[in-house]
Amino acid sequence: MHRQETDDRTAAGPAGEPHRDPFAWLDDQAERRRAAGLVRTLRPRTADSDLLDLASNDYLGLALHPEVTGGAAAAAHRWGGGATGSRLVTGTTALHTELERELAEFCGFEAALVLSSGYAANLAAVTALGPHGGLIVSDAGNHASLIDGCRLARATTSVVAHADPDAARKAFDGHEGPAVAVTDAVFSVDGDAAPLPELAAVCRSFGAALILDDAHGLGVLGDGGRGAAHAAGLAGAPDVVATLTLSKSLGSQGGAVLGPARVIEHLVNTARTFIFDTGLAPAATGAALAALRLIRREPRRAARAREVASALHTRLTAAGLTTVRPDAAVVSVHAPTPDEAVRWATDCRSAGLVVGCFRPPSVPDGISRLRLTARADLTEAQVTDAVHTIVRTAPAGALRG
């Protein structure tokens, strides 16, 4: 009884008055999202869905490939369901080092470091290579993980105009000390590629390094899918670092940083998202390794993903929709408003097609979009069906007169 009375007094607060609700402000935020048409909800998918998928990032169609799932199962059976600890304690297996060696070799870099996600890889690279007194020059269209890396780094960050090497040049001008430019290699919203050779030249003129996030380039760009750095002739350069995810073209989970061996050694000793995080699960490591080996055997998959993206762009543009020319496997289709973008995506789903729907604040330019991801395993008939569905369900305001 005494315990209950104590709890009641605590709940009532001082002088018997009720506590103020500390989360009352969340209700106002929720209402603002509803009014702006920006409410997001989780939609669990089933394992046996018959919907045509143009929303996932499974660019090469490997997530369910038997070699990839077999690699995951074999690794889990041998090494267990989890890594059991951080990479520096018990979380490094022979599979991790094997994947790092083969990733570096495939992409053309000296060394690689595998982390638990692409997000963690970007945080590791940017924070570890952006020291106090340094300068980070960041593209305005960068992914949230790069932005968060800049926020956490002790360097000063200068955000510059999207895909503008001259803007980067002006930002570097006059700076003394460590400096690095940070950019997506292929931007996740519109699928446009960064001007990597030009940006690298600017960096070199100021003695700055270049970090490029190749999440959407690996498996799609470069010879046989070796990535954007390889395609730009920058792979293995002593002043270039690439980050990537294992969750897109490799159909698995996790991330990696690739670069000079001394950069990787520095990350092992200083990157907090590597040191203090549990290592990547063996199943994901095994799946990624199996996918990487499959890509090496079947280099045609990369070209096919680009072909599907080009076909989607050409046909949708011809039908009167505003689309962005894809440089890799992402195709962006503009929608009139956030609400209409949601309805459009919902109508596509009702017609058997799953598409991505990007709205503010996920898009920095405020333009709502359908985001389509081309996959190497799509047939010509599936591409035709997808185009027909998107055009048929399009809001009137999305179609040019």
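So, how was this worked out
- Residues numbered from 1 in each chain as written.
- Predicted model: local features only at pLDDT ≥ 70, side-chain atom pairs only at ≥ 80, totals over all residues.
- Heavy atoms only, no water.
- UniProt positions renumbered as here; feature names shortened; annotations may be inferred.
- Pairing = 2+ DSSP bridges.
- Helix = DSSP H or I, 4+ residues; strand = E, 2+ residues; numbered from the N terminus.
- Axes fitted to C-alpha atoms, helices over the stretch in contact; angles between N-to-C directions.
- Contact = heavy atoms within 4.5 Å.
- Domains from an automatic or database assignment.
- Buried area = accessible area lost by both parts, 1.4 Å probe.
- Salt bridge = Lys/Arg side-chain N within 4 Å of Asp/Glu carboxyl O.
- Left-handed = near helix turned anticlockwise from the far one by under 90°.
- Nonpolar A, V, L, I, M, F, W, Y, C, P; charged D, E, K, R; others polar.
- Buried < 20%, exposed > 50% of the residue type's maximum accessible area, 1.4 Å probe, protein only.
- Polar contact = N/O pair within 3.5 Å; in protein donor to acceptor, adjacent residues only side chain to side chain.

Per an unreviewed UniProt entry, the recorded name for the protein chain is 8-amino-7-oxononanoate synthase, and the organism is Streptomyces luteolus. The protein chain has a UniProt comment under Subunit (unreviewed entry) that states "Homodimer." UniProt annotates the protein chain under Pathway (unreviewed entry) with the comment "Cofactor biosynthesis; biotin biosynthesis."

*Asks:* Just checking my understanding: could you explain the sheet that holds strand β2 (residues 111–115) for this structure?
*Replies:* Note: strands within a sheet are paired through backbone hydrogen bonds, in either parallel or antiparallel orientation. The strand order across the open sheet formed by seven strands is β2-β8-β7-β6-β5-β3-β4, and the pairing between neighbours is mixed. Two strands bound the open sheet, and with one partner strand each, they are β2 and β4 (156–160). In this sheet, neighbouring strand axes are inclined to one another by 20° on average, regardless of whether the strands run parallel or antiparallel. The sheet strands contacting helix α8 (residues 196–205) are β5 (179–184), β6 (209–213) and β7 (240–245), and the helix crosses β6 at an angle near 150°. Sheet strands in contact with helix α10 (residues 261–270) are β2, β7 and β8 (255–259), and its direction is about 30° off that of β2.

*Asks:* Hey, could you run me through the domain arrangement of the protein chain in this one?
*Replies:* Buried accessible area, meaning the area lost when the parts come together, often serves as the stated size of an interface. Partitioning the protein chain into structural domains gives domain 1 (66–297) and domain 2 (299–398). In this structure, domain 1 and domain 2 have C-alpha centres spaced 27 Å apart. Counting residues at the interface gives 19 residues for domain 1 and 18 residues for domain 2. For the pair domain 1 and domain 2, the summed buried surface comes to about 1,400 Å²; carbon and sulfur atoms form 60% of the total. The largest per-residue losses of area from domain 1 upon contact with domain 2 belong to Val189, Asp190 and Val220, which jointly make up 42% of the total buried on that side. Where domain 1 touches domain 2, the interface holds one salt bridge.

*Asks:* Explanation requested: the packing of helix α5 (residues 118–128) against helix α6 (residues 144–152) in the structure shown.
*Replies:* Axis angle and axis distance: for two packed helices, these are the angle between their axes and the distance between the axes, and together they describe the pair. Taken N-terminus to C-terminus, the directions of α5 and α6 make an angle of 35°; their axes are 8 Å apart at the nearest point. Crossing geometry of α5 relative to α6 is assigned as right-handed. Mapping the contact onto sequence places Tyr119, Asn122, Leu123, Val126 and Thr127 in α5 and Ala144, Ser145, Leu146, Asp148, Gly149, Cys150 and Leu152 in α6. The residue inventory of the contact of α5 with α6, partitioned by class, reads seven nonpolar, four polar and one charged.

*Asks:* Explain the side chain of Arg87 to me, please; I cannot follow it from the model alone.
*Replies:* Summarising the element assignment, Arg87 is placed in the loop between α3 (66–79) and α4 (94–107). Judged by its relative accessible area of 9%, Arg87 is buried. A distance of 2.6 Å separates a polar atom in the side chain of Arg87 from a polar atom in the side chain of Thr92. Once you skip the residues sitting within four places of it in the chain, Arg87 turns out to touch Thr92, His96, Glu100, Val114, Phe274, Asp277 and Gly279.

*Asks:* Help me understand the sheet that holds strand β11 (residues 353–358), please; the structure alone is not making it clear to me.
*Replies:* Across the sheet, which stays open at both edges, the five strands sit in the order β1-β11-β12-β10-β9 with mixed pairing between neighbours. Bordering the open sheet on either side are β1 (52–54) and β9 (323–324), each of which pairs with just one other strand. With two bridges connecting them, β9 and strand β10 (residues 330–334) associate as antiparallel partners. Bridge assignment links Val324 to a residue of β10, and that residue is Ser332. This element, helix α14 (residues 338–350), spans β10, β11 and β12 (369–373) of the sheet and lies at about 165° to β11.

*Asks:* Please clarify how unusual backbone geometry should be interpreted in this entry.
*Replies:* A negative phi holds for most residues other than glycine; trans holds for most peptide bonds. If you check the backbone angles, Thr84 has positive phi at about 75° while not being a glycine. Topologically, Thr84 is positioned in the loop between α3 and α4. Even without glycine at this site, Ala163 takes up a positive phi of about 50°. For Ala163, the position within the fold is in the loop between β4 and α7 (165–172).

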